[in-house]
Amino acid sequence: MTQELGPIQTKLRTNLESINARISGTCRACGRSPNDVRLVAVTKYARWEWVQALAKIHSTFGESRPQQLAERQPQLPRIQWHQIGQIQRNKARLAVQHASVIHSVDSLKLLKRLCLLAEQSDRPVEILLQVNISGERSKSGFDPGVITDSWETIARTAGTHAKLTGLMTMAPIGKISEDARPVFKRLSQLRQQINERDTSPELTELSMGMSSDFDVAIEEGATMIRIGSALFDGLETNEH
Ligand SMILES: *Cc1c(COP(=O)(O)O)cnc(C)c1O
């Protein structure tokens, strides 16, 4: 029996293949393995039917709002869901209940809360600390200096249920992808600085790079890239 792929599925497959080809190409050029870069498909603006279609060909999704994550995750429980956007205090429980990885932990207070919730609900969750490298007021995240100064406290707070595995950042919107390089370089250096200390845990993950700058992020060591618009490119026009 042949199953016909709808136009949505076909477009998504083409977009995904082209992004994966770029990931492989960039990895090859800088001597990294494509297996070391995870593509988090950001579905925050995607219609539900696109998400369902994508779930047939990809298995790691990221949502920005915990409410939408909580609506979608139970319907696609075999997908690994990541929480990538800011978390209000009263939404922390949703994030812990529905995400396997939380990229956007931007304060010690939130970290404490997530750890407590993860322990109470016996749900292990991977935690990345969001760092505001560019220092823009509009961006949330730890100040890099605060991370190094309070590292002992941070490391002590995270536990076995909320496992601290890495750092995340967002580059300022630039004219060209090169503009993001200093920010990605700085995040990579920060991880190295932390890992040189002998206080566990070791940070293995660097979540950085979006549709407009993921090549540069990979060159600077990204292990997770978060891609939305490039993946769903061309879909709106099909619908109208
Ligand atoms: C929306 C979003 C992305 C994806 O951005 P695109 O430019 O659409 O690829 C990545 N990370 C975060 C935190 C986001 O909110």
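Our structure is the block above this text.
Scanning the chain for helices and strands turns up 11 helices and 8 strands. Its C-alpha atoms give the chain a radius of gyration of 18 Å, within 12% of the compact-globule value 18 Å for 240 residues. Projected onto its principal axes, the C-alpha positions of the chain cover 55 × 40 × 35 Å. Counting contacts in the chain only where the partners sit at least 6 residues apart, residues at least 24 apart contribute 59% of the total. For the chain, the computed accessible surface area is about 12100 Å², with 47% contributed by carbon and sulfur atoms.

This paragraph deals with the site of the ligand. Around the ligand, the neighbouring residues are Val42, Lys44, Ile84, Met170, Met210, Ser211, Arg226, Ile227, Gly228 and Ser229. At 2.7 Å, a side-chain N or O of lysine 44 approaches an oxygen atom of the ligand. In the environment of the ligand, an oxygen atom lies 2.5 Å from a nitrogen or oxygen atom belonging to the side chain of serine 211. Coverage of the ligand by the protein chains reaches 86% of its 390 Å² of free accessible surface. Split into classes, the residues belonging to the shell around the ligand amount to 5 nonpolar, 3 polar and 2 charged.

A few words on the packing of aromatic side chains. Each pair of aromatic rings is reported with the distance of its centres and the angle of its planes. Across all of its chains, the model carries 2 aromatic pairs by this definition. Relative to phenylalanine 232, the ring of tryptophan 50 has its centre 5.8 Å away and its plane inclined at 25°; by these criteria the two rings are stacked. Of this pair, tryptophan 50 sits in helix α2 (residues 48-54) while phenylalanine 232 sits in helix α10 (residues 229-232), placing them 182 residues apart in sequence. What makes tryptophan 50 buried here is its relative accessible area of 2%. For the pair phenylalanine 61 and tryptophan 81, a centre-to-centre distance of 5.3 Å together with 85° between the ring planes defines the contact as edge-to-face. One end of the pair, phenylalanine 61, is in strand β2 (residues 60-63); the other, tryptophan 81, is in strand β3 (residues 80-83), and 20 residues separate them in sequence. Of the two residues, phenylalanine 61 and tryptophan 81, both sit in the buried class.

Attention shifts here to the nonpolar core. If you look at the biggest cluster of nonpolar residues, it comprises 66 residues, and the most contacted ones within it are Ile23, Ile102, Ile127, Leu129, Trp151, Leu167 and Ile225. Setting aside residues up to four positions removed in sequence, isoleucine 102 forms contacts with Gln83, Ile87, Ala95, Val96, Leu114, Val125, Glu126, Ile127 and Leu128.

The next subject is the state of the cysteines. Taken as a whole, this structure holds 0 disulfides when the rule is applied. Considering cysteine sulfurs only, cysteine 30 is the nearest to cysteine 27, which forms no disulfide, with 5.7 Å between them.

The next subject is the pattern of salt bridges. Between side chains of opposite charge, a pair can form as their charged atoms come close. Counted under the stated rule, the structure contains 9 salt bridges. For glutamate 220, the salt bridge identified is with lysine 185, shortest N-O distance 3.4 Å. Of the two residues, glutamate 220 sits in the loop between α9 (214-219) and β8 (224-227) while lysine 185 sits in helix α8 (residues 181-196), which places them 35 residues apart along the sequence. Classification of lysine 185 by relative accessible area gives partly exposed; the value is 39%. Residues joined by salt bridges that share partners form a network here, namely Glu178, Arg181, Lys185, Glu219 and Glu220.

By the criterion of burial, strand β5 (residues 125-130) is predominantly enclosed, with 5 of the 6 residues buried. With helix α5 (residues 108-120) bridging strand β4 (residues 101-105) and the parallel β5, this β-α-β connection has right-handed handedness.

In this section: helix α1 (residues 7-29). The terminal C-alpha atoms of α1, which comprises 23 residues, lie 33 Å apart, in line with the 33 Å expected from a rise of 1.5 Å per residue. Listing the buried residues of α1 in full gives Ile8, Gln9, Leu12, Asn15, Leu16, Ile19, Ile23, Thr26 and Cys27. In the segment just after α1, glycine 31 is the residue with positive phi, at about 75°.

Residue placement: histidine 98 occurs in helix α4 (residues 92-98). Exposure remark for histidine 98: the relative accessible area of 14% places this residue in the buried category. As for histidine 98 and threonine 199, which are separated by 101 residues in sequence, their C-alpha atoms are 30 Å apart. The residues contacting histidine 98, other than those within four sequence positions of it, are Leu69, Ala70, Gln73, Pro74, Trp81 and Arg123.

Take α5 next. Here α5 is 13 residues long and its end C-alpha atoms lie 18 Å apart, about the 18 Å a rise of 1.5 Å per residue gives. Those residues of α5 that fall on the buried side of the exposure criterion are Leu110, Leu111, Leu114, Cys115, Leu117 and Ala118. Where the residues of α5 are buried, they touch α4, β4, β5, α7 (151-157) and β6 (162-168). Immediately beyond the C-terminal end of α5, within one or two residues, lies aspartate 122, with a positive phi of roughly 50°.

Criteria and cut-off values
Residues numbered from 1 in each chain as written. Predicted model: local features only at pLDDT ≥ 70, side-chain atom pairs only at ≥ 80, totals over all residues. Heavy atoms only, no water. Helix = DSSP H or I, 4+ residues; strand = E, 2+ residues; numbered from the N terminus. Rg over C-alpha atoms; globule rule 2.2 N^0.38 Å. Contact = heavy atoms within 4.5 Å. Areas by Shrake-Rupley, 256 points an atom, 1.4 Å probe, with all protein chains shown as cover. Near = heavy atom within 4 Å. Polar contact = N/O pair within 3.5 Å; in protein donor to acceptor, adjacent residues only side chain to side chain. Nonpolar A, V, L, I, M, F, W, Y, C, P; charged D, E, K, R; others polar. Phe/Tyr/Trp six-rings, centres within 6.5 Å; stacked < 30°, edge-to-face > 60°. Buried < 20%, exposed > 50% of the residue type's maximum accessible area, 1.4 Å probe, protein only. Core = buried A, V, L, I, M, F, W, Y, C linked by side-chain atoms within 4.5 Å. Disulfide = S-S within 2.5 Å. Salt bridge = Lys/Arg side-chain N within 4 Å of Asp/Glu carboxyl O. Right-handed = clockwise from strand over helix to strand, strands pointing away. Expected span 1.5 Å × (residues − 1).

These figures capture arrangement, not role.
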